[in-house]
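Coordinate inspection notes
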Amino acid sequence: MRDAYHEELDSIGDGLVEMARLVGSAIGRATTAILDADLKLAESVIEADQKVDELQHDLEARAIALLARQQPVATDLRIVVTSLRMSADLERSGDLAQHVAKLARLRFPARTIPHDLHATILEMGQLAQRLMAKAAEVIVTKDVDLALQLESDDDEMDLLHRTLFQHLIDERWKHGIETAVDVTLLGRYYERYADHAVAVAKRVVFLVTGEHADELQPDIQPATGVDGA
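As a convention, each chain's residues are numbered from 1 in the sequence order in which they are written. Restriction of local features to residues with pLDDT of at least 70 applies here, the model being predicted, together with a cutoff of 80 or more for giving and counting side-chain atom pairs; totals for whole chains, interfaces and linings are based on all residues. Based on all heavy atoms of the structure, the side-chain values leave hydrogens and waters out of the count.

1. Remarks on the pattern of salt bridges
Stated formally: Salt bridge, as used here, is a side-chain nitrogen of Lys or Arg placed within 4 Å of a carboxyl oxygen of Asp or Glu. Numbering of helices and strands runs from the N terminus, with a helix taken as a DSSP run of H or I at least four residues long and a strand as a DSSP run of E at least two residues long. Per-residue accessibility, obtained with a 1.4 Å probe over protein chains only, is compared with the maximum for each type, and a residue is labelled buried under 20%, exposed over 50%, and partly exposed between these values.
Within this structure, the stated rule accounts for 12 salt bridges. A salt bridge links Glu8 to Arg62, with the nearest nitrogen and oxygen atoms 3.6 Å apart. On the criterion of sequence distance, the pair formed by Glu8 in helix H1 (residues 2-36) and Arg62 in helix H2 (residues 39-70) is long-range, its members being 54 residues apart. With a closest N to O distance of 2.8 Å, Asp182 and Arg107 form a salt bridge. Remark: Arg107 occurs in helix H3 (residues 74-107) and Asp182 occurs in helix H6 (residues 176-209); sequence separation between them is 75 residues. Exposure remark for Asp182: the relative accessible area of 3% places this residue in the buried category. Residue Arg107 is classed as partly exposed on the basis of its relative accessible area of 22%. Within this structure, Glu8, Asp58 and Arg62 form a network of salt bridges that share partners.

In structure tokens:
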């Protein structure tokens, strides 16, 4: 019975990894769809989100069944409860990738993103995908140090997000209000997606250590010159 119980716990972790990989692929494909005005690709991202939702529902059902049958305590209870929270973060990440794809579909056949912002949006999409890939690795390896790195990696997304707004408030902006709204929404989608990837990693830290990630961030010593300044 205990072997079956721990196999079920492991299967919940496998489900989380699969969700992370699916939503990582989704944000990459959604980015391509919106940059290339690819309706077929956008539709495939929108439809594929159902698989993420189904995985979350299945994971929740199994986790709740474990709570009811086994009444886990200590570490096992932390695994189940934290897994439920991670699945919610991952499901929301899938929704955000779907929002990007839906915006591509809404504006088709027009291109949503002005040419001068293509590089920034592409970089945001690629960074989002890397963050989620790292979150998936953290789920598998339970590597606390790697998990703690994600928050600093997310600073790059925040910088890109600010770059978008700098374009929007520039007096040379010439793409109109509708495009400005689209770009604002996209920036928010990518920024929130990255936040969810970071949240997943932080939950793994809690799962492993029983402490919150903010309490474990390593002290960063400021660089000093030869004269000690």
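Additional details are given in the paragraphs that follow.
2. Considerations on the packing of aromatic side chains
Selection criterion: When two rings of Phe, Tyr or Trp (its six-membered ring) have centres within 6.5 Å they constitute a pair, described as stacked for plane angles under 30 degrees, edge-to-face for angles over 60, and tilted for the intermediate range. Two thresholds decide whether a charge sits over a ring: the Lys NZ or Arg CZ must be within 6 Å of the ring centre and within 35 degrees of the ring normal.
Within the structure shown, the criterion is met by 0 aromatic pairs. One residue, Arg78, lies across the ring of Phe206, its end atom 6.0 Å from the ring centre.

3. Topic: the nonpolar core
Inclusion rule: Put simply, buried Ala, Val, Leu, Ile, Met, Phe, Trp, Tyr and Cys residues joined by side-chain atoms within 4.5 Å make one nonpolar core. Contacts: residue pairs with any heavy atoms within 4.5 Å of one another.
Ranked by internal contacts, the top residues of the largest apolar core, which has 70 residues, are Leu186 and Tyr190. Looking at this core, the elements that each hand over two or more residues are H1, H2, H3, helix H4 (118-141), helix H5 (144-169) and H6. The contacts of Leu186, once residues within four sequence positions are left out, are Ile34, Val100, Leu103, Ile113 and Ile121.

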